[in-house]
Amino acid sequence: MAYAIDEKTTVSLGNILQHIRIRSCDVSLPVLLFLHGGPGVCDRHWVLKDQSALAENATMVCWDQRGAGLSYSKNLKEDDLNVWRMVEDAHELVAYLKERFKKRSVYIVGHSWGSLLGTLLAHKYPEDVAAYIGMGQFVSGSENERLSYEFVLKEAKKRGDKKALSDLERIGWPDKGHYKSLDDLMVQRNLMSKYGGEDYGESDGIIKSVLLPILHSPEYSLFDLWKYYKGAFFSLRAMWDEVVDFDLGEIVPELKMPVYLTEGRHDQNTPIPLAEKWFNQLSAPKKEWIWFEKSAHSPIKNEPEEWGRTVKRILSSEEAGK
């Protein structure tokens, strides 16, 4: 595939240089900005691998957020990261993209933590966002963690997984979404991944499923892998307690642009009932819920061809309606 632009660059957001990746077959195409999850779990290596065909329909932009991936720096302090600072970074990035590519607004894909970031951006700066596409949609941190723990506990009992039951008893139920430590959170996330709640039908631990694909990607070098690892845990330590306290049901009852949720039927990282309730109550000029039956938390990876076709349809429909 011939690209008109295939670029790695940096842009100053909040007075901090942050890395972005741009790929497009035609710079006149609509801009599609991907907001990765975590916090701190950059996704450009598999977005560009699995969704490269979208460059024929959009100018794809992947952003390593402040403190994550190639935007990690040992000079950053945990106080430099918070949810609303990230919203402002995203707003500044959108302003840069709008000016550079001569657009009135951009399309946003928000995944997991990125879905919280994207929703807050769309709510605060509706003029920035042509349409919002959510995946692994975050809604309520406290209920999210309760339901995700409940899933893992039920699965461990059903499977007779004695070690898992022992580990779950040791870490205990989250208190209003909060575990006693990030180590305890990772115990739950590893079991949730093992039982298919992260990637449908897979049983790798969360670290293995996240880090191994990077080794096979040209997007990050071996040295970058160290930065990625450091940035992921730095970002999580800095922001997780704040993220868990958010509840979109309370603060985002309305969005002023079309909203599309692309949700995996088997998602137990951000359990589906919470997203369904918020979506059903949400006021928006247009809403569409799109199921992916063989996906969990990441339809973009679990069913890449179908997810890509869906986004192409969304872009075509929205652009035709302008």
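Look a little higher up for the structure.
Before going into details, it helps to say that this report is about the structure given with it. (Residues numbered from 1 in each chain as written. Predicted model: local features only at pLDDT ≥ 70, side-chain atom pairs only at ≥ 80, totals over all residues. Heavy atoms only, no water.)

### Some details on the packing of aromatic side chains
Operational definition: The criterion for an aromatic pair is that two Phe, Tyr or Trp rings (for Trp, the six-membered ring) have centres within 6.5 Å, with stacked assigned to planes under 30 degrees apart, edge-to-face to planes over 60 apart and tilted to the rest. Secondary structure counts use DSSP, requiring at least four H or I residues in a row for a helix and at least two E residues in a row for a strand, with both numbered from the N terminus.
A complete count under the given rule lists 8 aromatic pairs for this structure. For the ring pair Phe-34 and Trp-307, a centre distance of 6.5 Å and an interplane angle of 45° mean the geometry is tilted. With Phe-34 in strand β3 (residues 31-35) and Trp-307 in helix α12 (residues 304-320), this residue pair connects regions lying 273 residues apart in the sequence. Both rings, one in Tyr-149 and one in Trp-173, keep their centres 4.5 Å apart while their planes meet at 45°; by these two values the pair is tilted. Of this pair, Tyr-149 sits in helix α4 (residues 141-159) while Trp-173 sits in the loop between α5 (162-171) and α6 (182-194); the two residues are 24 residues apart in sequence, bridging distant segments of the chain.

### Observations concerning the sheet that holds strand β2 (residues 16-24)
We apply this condition: One requirement defines pairing of two strands: DSSP has to find at least two bridges between them. Axis geometry follows a simple rule: fit a line to the C-alpha atoms, using only the stretch in contact for helices, then measure angles between N-to-C directions, giving values from 0 to 180 degrees. A contact between two residues is defined here by any heavy atoms of the two lying within 4.5 Å.
Taken together, 8 strands build an open sheet; the order of strands is β1-β2-β4-β3-β5-β6-β7-β8 and the sheet is mixed. Each of the sheet's edge strands pairs with one partner strand only, and the pair in question is β1 (5-13) and β8 (287-292). Geometrically, the sheet is characterised by an average inter-axis angle of 20° between neighbouring strands, direction not taken into account. Bridge analysis of β3 against strand β5 (residues 106-111) gives 4 bridges, and the strand direction is parallel. Paired with Phe-34 across the strands is Val-109, a residue of β5. Strands β3, β5, β6 (129-135), β7 (259-264) and β8 of the sheet are contacted by α12, whose axis makes an angle of about 165° with β8.

### Quick look at the packing of α5 against α6
Stated precisely, the cut-off is as follows: Should an angle fall under 35 degrees it is taken as roughly parallel, and over 145 as roughly antiparallel, whereas 65 to 115 is taken as roughly perpendicular and any remaining angle as oblique. By definition, turning the near helix anticlockwise from the far helix through less than a right angle yields a left-handed crossing, and turning it clockwise yields a right-handed one. The residue classification treats Ala, Val, Leu, Ile, Met, Phe, Trp, Tyr, Cys and Pro as nonpolar and Asp, Glu, Lys and Arg as charged. All others, Gly included, are polar.
Orientation of α5 relative to α6, taken along the N-to-C sense of each, is 150°, at an axis distance of 10 Å. Here α5 is positioned roughly antiparallel relative to α6, judged by the angle of their axes. Read as a crossing pair, α5 and α6 show a hand that is left-handed. On the side of α5, the interface is formed by Ala-164, Asp-167, Leu-168, Arg-170 and Ile-171, while α6 contributes Asp-184, Val-187, Gln-188 and Leu-191. Among the residues forming the contact of α5 with α6, the class breakdown is 5 nonpolar, 1 polar and 3 charged.

### Here we look at the pattern of salt bridges
What counts is decided by this rule: Here, a salt bridge means any side-chain nitrogen of Lys or Arg that lies within 4 Å of a carboxyl oxygen of Asp or Glu. Relative accessibility under 20% of the residue-type maximum defines a buried residue, over 50% an exposed one, and the middle range a partly exposed one, all with a 1.4 Å probe and only protein chains included.
Inspection of every chain in the model, using the stated rule, returns 24 salt bridges. Here Asp-199 and Lys-301 are joined by a salt bridge, their closest N and O atoms 3.8 Å apart. With Asp-199 in the loop between α6 and α7 (206-215) and Lys-301 in helix α11 (residues 299-302), this residue pair connects regions lying 102 residues apart in the sequence. The exposure class assigned to Lys-301 is partly exposed, which follows from its relative accessible area of 25%. We note a salt bridge from Glu-318 to Lys-286, for which the minimum N-O separation is 3.6 Å. Of this pair, Glu-318 sits in helix α12 while Lys-286 sits in the loop between α10 (272-281) and β8, and the two are 32 residues apart along the sequence. In this structure Glu-318 comes out as buried when scored by relative accessible area, which is 13%. With a relative accessible area of 33%, Lys-286 lands in the partly exposed category. In the salt-bridge network here, residues are joined through shared partners; they are Arg-66, Arg-85, Asp-89 and Glu-92.

Purely geometric stuff here, so don't read any function into it on its own.
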